[in-house]
Structures are given as structure tokens and as C-alpha cells.
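So you can see what is in the structure, the chains are spelled out below.
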Amino acid sequence: MSFPIASDAAEAPPAMSVVLLVDRRRERGARALGSLLRQTVIDRLEIVLLDFGGPRIPPLPGSEHPRVRTIRLRRGLPYGVAKLIGFRAARAPLVAFTEEHCLYSAQWAEALLAEFADSRVGAVSGEMHNATPGRGMSDAIAIAIAGPWAAPARPGPARALSSNNAVYRRAVLERRAADLDRLLRAEPLLLAWLRAEGYHLRIIPGAKYAHEFEAVLSDYLVPRFLHDRVTVATRAEMEAWGQGRRLLFVAITLPWLAARLVWKPLRLARRPGVGWRVVPAIPAIVVGEAAALAGMAVGALRGLGRADITLLDYDLNARRSVIERQVGPRPFL
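Residues numbered from 1 in each chain as written. Predicted model: local features only at pLDDT ≥ 70, side-chain atom pairs only at ≥ 80, totals over all residues. Heavy atoms only, no water.

Draft legend 1. Inspection of the pattern of salt bridges at higher detail. Applying the stated criterion across every chain, the model contains 24 salt bridges. Between Arg260 and Glu289 there is a salt bridge; the shortest N-O distance is 2.4 Å. A residue pair is termed long-range when its members are at least 10 positions apart, and Arg260 in helix α9 (residues 243-269) and Glu289 in helix α10 (residues 282-302) qualify at 29 residues. As far as the burial class goes, Arg260 and Glu289 line up, both buried. Here the salt bridges share partners, and the residues they tie into one network are Arg224, Asp228, Arg260, Lys264 and Glu289. (Salt bridge = Lys/Arg side-chain N within 4 Å of Asp/Glu carboxyl O. Helix = DSSP H or I, 4+ residues; strand = E, 2+ residues; numbered from the N terminus. Buried < 20%, exposed > 50% of the residue type's maximum accessible area, 1.4 Å probe, protein only.)

Draft legend 2. Inspection of a nonpolar patch on the surface at higher detail. A contiguous nonpolar patch, built from Leu261, Trp276, Val279, Ile282 and Val286 and spanning about 480 Å² of accessible area, is present on the exposed surface. Counting through the fold element by element, Leu261 comes out in helix α9. Given a relative accessible area of 30%, Leu261 falls into the partly exposed group. (Patch = residues over 30% accessible without salt bridge, like charges linked within 9 Å, V, L, I, M, F, W, Y side chains within 5 Å. Areas by Shrake-Rupley, 256 points an atom, 1.4 Å probe, with all protein chains shown as cover.)

Draft legend 3. Highlighting unusual backbone geometry. Along the chain, Ala151 connects to Pro152 via a cis peptide bond; the corresponding omega equals -5 degrees. A positive phi is found at Asn164, a non-glycine position, where the angle reads about 70 degrees. Relative to the assigned elements, Asn164 resides in the loop between β7 (156-157) and β8 (166-169). Using a relative accessible area of 7% as the deciding quantity, one classes Asn164 as buried. The phi dihedral of Ala240 falls on the positive side, at around 55 degrees, and the residue is not glycine. With respect to the helices and strands, Ala240 occurs in the loop between α8 (217-238) and α9.

Draft legend 4. Main features of the environment of Ser218. Along the chain, the position of Ser218 falls in helix α8. Ser218 sits in the partly exposed class, given a relative accessible area of 44%. Sequence separation between Ser218 and Leu191 is 27 residues, and the spatial gap between their C-alpha atoms is 29 Å.

Draft legend 5. Structural context of helix α2 (residues 79-89). Most of α2 sits out of view: 8 of its 11 residues are buried. Within the span of α2, buried status applies to Tyr79, Gly80, Ala82, Lys83, Leu84, Gly86, Phe87 and Ala89.

Draft legend 6. Geometry of the packing of aromatic side chains. On inspection of all chains with the given rule, the structure shows 4 aromatic pairs. Measuring from ring centre to ring centre gives 6.4 Å for Phe97 and Tyr168, while their planes differ by 65 degrees; the resulting arrangement is edge-to-face. Taken together, the residues span a long stretch of sequence, with Phe97 in strand β4 (residues 94-98) and Tyr168 in strand β8 at a distance of 71 residues. The same class applies to Phe97 and to Tyr168, which are both buried. An aromatic cluster of at least three residues, connected via ring pairs, comprises Tyr104, Trp108 and Tyr209. The positively charged end of Lys83 is found above the aromatic ring belonging to Phe97, 5.0 Å away from the centroid. Note that Arg170 overlies the ring of Phe87, its terminal NZ or CZ placed 5.1 Å from the centroid. (Phe/Tyr/Trp six-rings, centres within 6.5 Å; stacked < 30°, edge-to-face > 60°. Lys NZ or Arg CZ within 6 Å of the ring centre and 35° of its normal.)

Here you go:
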């Protein structure tokens, strides 16, 4: 396996650290790492590879690259703690979090780096594509969770970014060192804090990546439930909600969900490239929102439990559609 290496810059301090977590799905992790190593600015990057595979598992192919630093971790860590370990190990002023079930275009890092010339920018993310079109329910699920980062994305300011695929200013996040593990496990709360501090969030269509979605609807319910339970439980913990506040949150959430089931398909239908394609996605929207509601209710009433540990294991090891073995089929990869 060969990758572009700028030998003269091999020892230059990195401009961006890229954190990638991998576990049992070795081929999937190797494909993600391979796409990161093909970046046009690989000489300006370092890749912090957090490997949960265990000491008896062979190193991930590509981890021998001089721009990769591997940290072996034990299974059973909370999601936020694992991400914080990667953040602490990073040496660059910018830290990107990536997912092992994604492939990143060669210009992904270059496009993201360019946005941080503006000191008001606190975080950026790229344009997400479906890496598994036409496979089971993956197209419907991709539409159901489409945010402003979904292709075709509109460049510029945003109120939300794609969790686990955003780049942050290290110095800004260090200001929340005491509770950064909690913010990293619930990135919507981290992004809300950045906005409150006056920092801009931006979406960069030139930073393209392809995300592998579940092919079976039942597999999609698990992460929706867990993500929302973790986010609400973390918010309740950080804001020290009492029992009355928790019950009130659940009571308000029920009618909010009913309204959301009406306006969300309408809003998604207005997105470029969606239109009537939203109709076959309605089942995924309905069951996804129901799973999210259940997660929010359990998070508010029962707290975190082991949800963040389960979520990390799911993200790294769950069944998904089988992605193309070669990086080449997608025109932007």
C-alpha cells in the first residue's frame, strides 16, 4: 500500500490531528484509515489511531505509516473518555474526529484547514454522502437523518454539524477541560456552547466524505435511541436537573414529537435532491423519531447508565451495509 508522503515535511508540526477509533471491524477501519492517508495535505496531518482490537489482534493495515500514532485501548471505555484520550494525545492546534465507517475524499482535510483562517470559526464539518446507496433501507435512513451537512450541502454558517465528523480548535475546547469528556460524548451540547461563546460553525461542501448507513431498519433504531439518551442524560447531569425538571422535559417532548412527525418530512422534501424521495423514507423517519423520543425520555428519567459505553461498542462493531472494497468507485474519493 502506497501513500503520498512529503519527506521534507515529515517532521513538521502537524496543522491538524485526526482522531480515528477502530475495533473488531478491521477491514472497515483499514478502508477509513486508507482514505485519510490519501489526503492531499498528509504532510500537515497526524492521525491518532485509537485501537480497541486487543493485543492479540494484528496492527491495522496502514498504521505503519509515519503519520500515524497508534494507541491501544481496552474495551468498555465510555465514548466521551475514549474521545478525550484521542484529544489529549493530539499535538495539532486543530483536532478532527472521524468514524471508521466513513471514507474521506482526498481534499477533505485541505478544505477543512482553509476555513480556520478566520479566528471566529470554532468548528467545521464537511459534506456527507451515502456510501451505500441502494442497499436495503440505507437510502431511506440517509434521508431520515439528513442535516444541513448532507449532500448537496449549502456552504456557510450552520447551527449544527455532523457529530463525530467535525473539526475543533484545540485551545477553545481546552477551556472546558473539566467537563470535556461529557461534551465530547454529547457533541450537540458542545456545539451549542461554542455558539453561545460567539464562535461560528461552518459547513464546507468541498470536504466530502461518504458515510455507511444501516441496511436494516431495526439496526438504525439502536443508535438513534442511544445518541438521544446520551445527549439528554448529559444535559440533565450538567445542568443538575431535579425530578420535576426531568418530568417536565418528558411531558414537553411528547407533543414536540407529534409536531416533528409532520413538519420533518415536509422540511426534508424541500431539500435539494430529495423532493418526492422523502415518501419512501417516511417509515424510517417515524420509527427513528420514536426511537429518539424513547432515548430522550429514558435519558431524562433514568440518566446515562451504560448508554455511552454501549454506543461506542455499537459505532465500532455493529452490522452495517457492506461498503465497496475499493476506495475508487465514488467520484470524489
